[in-house]
Every structure is written in structure tokens, then in C-alpha cells.
Amino acid sequence: MARYLTRRALQSLLVLLGVSFVIFVISRLGGDPVSLMVGPDVQEAEREALRRQLGLDAPLYVQYLRFLSGAVRGDFGTSILAGVPAMNLVLERLPATLQLAAFALAFAAVVGIPLGVASAIRRNTWLDYVGTGVTLLGQSLPSFWLGILLILVLGLQLRLLPISGRGTPLHLVMPGVTLGFSLVAVFARLTRSSMLEVLTADYVRTAKSKGLRPRTITIRHEVKNAMIPLVTVMGMSFATLMGGAVVTEQIFAWPGIGRLALNSIYQRDFPVIQADVLFVSAVVVAMNLLVDVVYTLLDPRIRYA
């Protein structure tokens, strides 16, 4: 088991190293940030002095090694525009993204799991067809289109919910639904398929032969066992939601790390882009590693795979 976990930890470090290199190169393709910081009438000598001050005059491989050395120590440099440590900006925005991701995950679980259970129990009925329709919508609707539609209908026409910003719980509803709607389809489909396998299991037939009530069989034996694969997917989905919140946060002006990353890209703020993307990548990799650890504890055969 120790060898397996050590190998998985080394693979995770290699993934993070690869991500750091890719994001470093891509962030440099946007152009010179000095041109955004100074006006067009500034002399070239002054521009060059500013590049030396920011460390942008060094060769790219030197800049990368400096970035990598600082990242290992938790130092991602100073924001070119804000003048404060880049990681501080990310950590300031992190609670907003965590709040949005948690709401989206809860919404997907509350809607998707009961829908999947009902579709499996009432297979080939109108309830199953409704579940299939919702699943297809969740998989096919782009999040930006759904977000704009909610703003037009619930925000501007009916004036039921605020259309942007963060503050009251009502501000969470539209961005949370937009972010979590695609997960509703995932949870509903996975729950339905797991339930269909469980419905024909021997222990379910045994429970029925004992004369237990249908509701007791569903809750104690069917739903409980069908949730095992879903728990893993929910854990991974939370990390994915953090990385996938960029579009939603931009549509609803939600002050999270996704919107911070997008604004930093527009402004060519390299340190913030690198800190933001590498932080989210580290969360996703850590969640993957945690799932692997849990698997090895649940199923010893995985240790020798």
C-alpha cells in the first residue's frame, strides 16, 4: 500500500509540475504587461527599467525557475497591478468560490439524486421520461446560456432575484443553479443506473420475501447501496466546480477566484494568473489523491493494480 500511495503522490507532483509549466508559458503569450501599465507616450528606456524591476527582462527559463522556486515556498510573487502578494488575492476570493461551489453541489444533490431514484423505481413511466428530459437538458445546455436566461426571466422580467454581486442568500440562487445544473444530469443518471443494478440484487429480493414495506426496502437497502459510487463522484465534483466557475462568476459578477483569473488574464497580471490556476489545480490533484487513498482502504485489490 505504501508503494502504491508513494507512486500516486509522485504522479500528482509531476502533474502539478506540468501544469505550472503550461500556465507559465500560456500566460506569457498574451503580450507585454508593461504596455498596459504605462501610457503610449512613455519612453522605451522607462519601459525597460520597469521590465527590469518586474524581472521580465530575464530569459523565460530563468523566470520559470524563479517562479517554481517561489511556488515551492508558497511565494507566487507580487501582483503587477495591485502591488500585493498574488496568493493573498487568491485567498481573499476563495471563500466566495467555496460558497458558490457548495451551493451548486447541494442543489445538484437535492434535485439529481431524488430524480434518479424516482426514475429507477418508476422505470418507463412519465416520471422516468421527465427525468430523462431533465438529464438531456442538463447535459446539453451551455452554462452561459442558462445564466443569461435566468437573468432575463427571474432577474429582469419577474424581479424575483438579484442579477449580480454577492451579499444575501438570494444572490446565491441564480449563479448556484447555473453552475450546478449540469451536475444534476450527472447525479440523476448515475443514481438511476446504480439503483437499477441494486433493484435486482439478491439482498433486495430477500428483503421483499421477508415482507418488509416497500419504503423500508427502498431507503434501507436500495438507496443506501446505490449511493456508494455517487459519494466518490460528489467529492470529485466539488473540486471540478471550483475550476469550472469561471464563466458563471463572470456572468453574475461573483467575486470569486474564477473571475479573478479572468480579469488577471485581461490585464496580463502573470503572478495572479499563475497563483490562481496552480492553486485550483492543486485542489483538484489533492482530491484525486484523496479518492485514491479512500479506494485503497475500501478495496485492497487496488493496492496491487
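Reading the values: the criteria
- Residues numbered from 1 in each chain as written.
- Predicted model: local features only at pLDDT ≥ 70, side-chain atom pairs only at ≥ 80, totals over all residues.
- Heavy atoms only, no water.
- Helix = DSSP H or I, 4+ residues; strand = E, 2+ residues; numbered from the N terminus.
- Buried < 20%, exposed > 50% of the residue type's maximum accessible area, 1.4 Å probe, protein only.
- Contact = heavy atoms within 4.5 Å.
- Areas by Shrake-Rupley, 256 points an atom, 1.4 Å probe, with all protein chains shown as cover.
- Salt bridge = Lys/Arg side-chain N within 4 Å of Asp/Glu carboxyl O.
- Patch = residues over 30% accessible without salt bridge, like charges linked within 9 Å, V, L, I, M, F, W, Y side chains within 5 Å.
- Core = buried A, V, L, I, M, F, W, Y, C linked by side-chain atoms within 4.5 Å.
- Axes fitted to C-alpha atoms, helices over the stretch in contact; angles between N-to-C directions.
- Parallel < 35°, antiparallel > 145°, perpendicular 65-115°, else oblique.
- Left-handed = near helix turned anticlockwise from the far one by under 90°.
- Nonpolar A, V, L, I, M, F, W, Y, C, P; charged D, E, K, R; others polar.
- pLDDT = per-residue confidence, 0-100.
- Phe/Tyr/Trp six-rings, centres within 6.5 Å; stacked < 30°, edge-to-face > 60°.
- Expected span 1.5 Å × (residues − 1).
- Lys, Arg positive; Asp, Glu negative; His and termini not counted.

A. Geometry of the overall build of the chain. When helices and strands are counted, the chain shows 14 helices and zero strands. Secondary structure of the chain in N-to-C order comes out as α-α-α-α-α-α-α-α-α-α-α-α-α-α. The C-alpha extent of the chain, read off along each of the three principal axes, is 85 × 60 × 30 Å. The buried share of the chain, reckoned over its 305 residues, is 38%. Summarising the internal contacts of the chain: among those between residues at least 6 apart in sequence, 74% fall at separations of at least 24. Accessible surface computed for the chain: about 16900 Å², of which carbon and sulfur atoms make up 65%.

B. Local environment of the pattern of salt bridges. Scanning the model with the defined rule gives two salt bridges in all. The partner of Asp 128 in a salt bridge is Arg 192, with the nearest N and O atoms 3.0 Å apart. Here Arg 192 lies in helix H8 (residues 170-199) and Asp 128 lies in helix H6 (residues 126-140), a separation of 64 residues in the sequence. Judged by its relative accessible area of 3%, Asp 128 is buried.

C. Just a nonpolar patch on the surface, in detail. A cluster of nonpolar residues, Phe 144, Trp 145, Ile 148, Leu 149, Leu 152, Val 153, Leu 156, Leu 158, Leu 160, Ile 163 and Val 247, forms a patch on the protein surface that exposes about 970 Å² of accessible area. Broken down by element, the residue count for the nonpolar patch peaks at seven residues, all from helix H7 (residues 143-157). Within the secondary structure, Leu 156 is located in helix H7. The partly exposed category is assigned to Leu 156, whose relative accessible area is 41%.

D. Region of interest: unusual backbone geometry. Positive phi, normally seen in glycine, also occurs at Asn 124, with a value near 60°. Here Asn 124 shows up in the loop between helix H5 (86-121) and H6. Judged by its relative accessible area of 54%, Asn 124 falls in the exposed class.

E. Region of the structure containing the nonpolar core. In this structure, Phe 67, Phe 76, Phe 187 and Leu 241 are the most contacted members of the largest nonpolar core, which totals 45 residues. Every residue in contact with Leu 241, bar those within four places of it in the chain, is listed here: Ala 101, Ala 104, Leu 105, Leu 179 and Leu 183.

F. Geometry of the environment of Leu 212. Its place among the elements puts Leu 212 in the loop between helix H9 (202-209) and helix H10 (214-226). The exposure class of Leu 212 is partly exposed, given its relative accessible area of 36%. Look past the residues within four positions of Leu 212 in its chain and what remains in contact with it is Ala 207, Ile 217 and His 221.

G. Spotlight on the packing of H6 against H8. Interhelical geometry of H6 versus H8 gives an angle of 135° and a closest axis separation of 7 Å. Relative to H8, H6 is oriented oblique. Taken as a pair, H6 and H8 cross one another with a handedness that is left-handed. Counting all contacts with H6, which are made through Asp 128, Val 134, Thr 135, Leu 137, Gly 138 and Gln 139, the residues of H8 involved are Phe 181, Ser 182, Val 184, Ala 185, Ala 188, Arg 189 and Arg 192. Each residue belonging to the contact of H6 with H8 can be placed in one class, and the counts come to six nonpolar, four polar and three charged.

H. The confidence of the model for the chain, seen in detail. The pLDDT averaged across the chain works out to 84; a share of 95% of its residues lies at or above 70. Mean pLDDT across the elements of the chain bottoms out in helix H2 (residues 34-37) (71) and peaks in H7 (92).

I. Focus on the packing of aromatic side chains. Tallied over the full model, the rule gives five aromatic pairs. Consider the rings of Phe 21 and Tyr 64, whose centres lie 5.6 Å apart with planes at 90°: the pair is edge-to-face. Taken as a pair, Phe 21 in helix H1 (residues 2-28) and Tyr 64 in helix H4 (residues 60-72) lie far apart in primary sequence, 43 residues in all. Both rings, one in Tyr 64 and one in Phe 67, keep their centres 6.3 Å apart while their planes meet at 45°; by these two values the pair is tilted.

J. Fine view of H1. Relative to the 39 Å expected for 27 residues at 1.5 Å per residue, H1 spans 39 Å between its end C-alpha atoms, a close match to the ideal helical length. Along H1, the positions that sit buried rather than exposed are Tyr 4, Arg 8, Ser 12, Ser 20, Ile 23, Phe 24, Ser 27 and Arg 28.

K. Up close: the side chain of Asp 276. Tracing the chain through its elements places Asp 276 in helix H14 (residues 270-298). Among buried charged residues, Asp 276 stands out as having no salt bridge; its nearest opposite-charge side chain is Arg 93, 7.4 Å away. Look past the residues within four positions of Asp 276 in its chain and what remains in contact with it is Val 90, Ile 257, Leu 260 and Ala 261.

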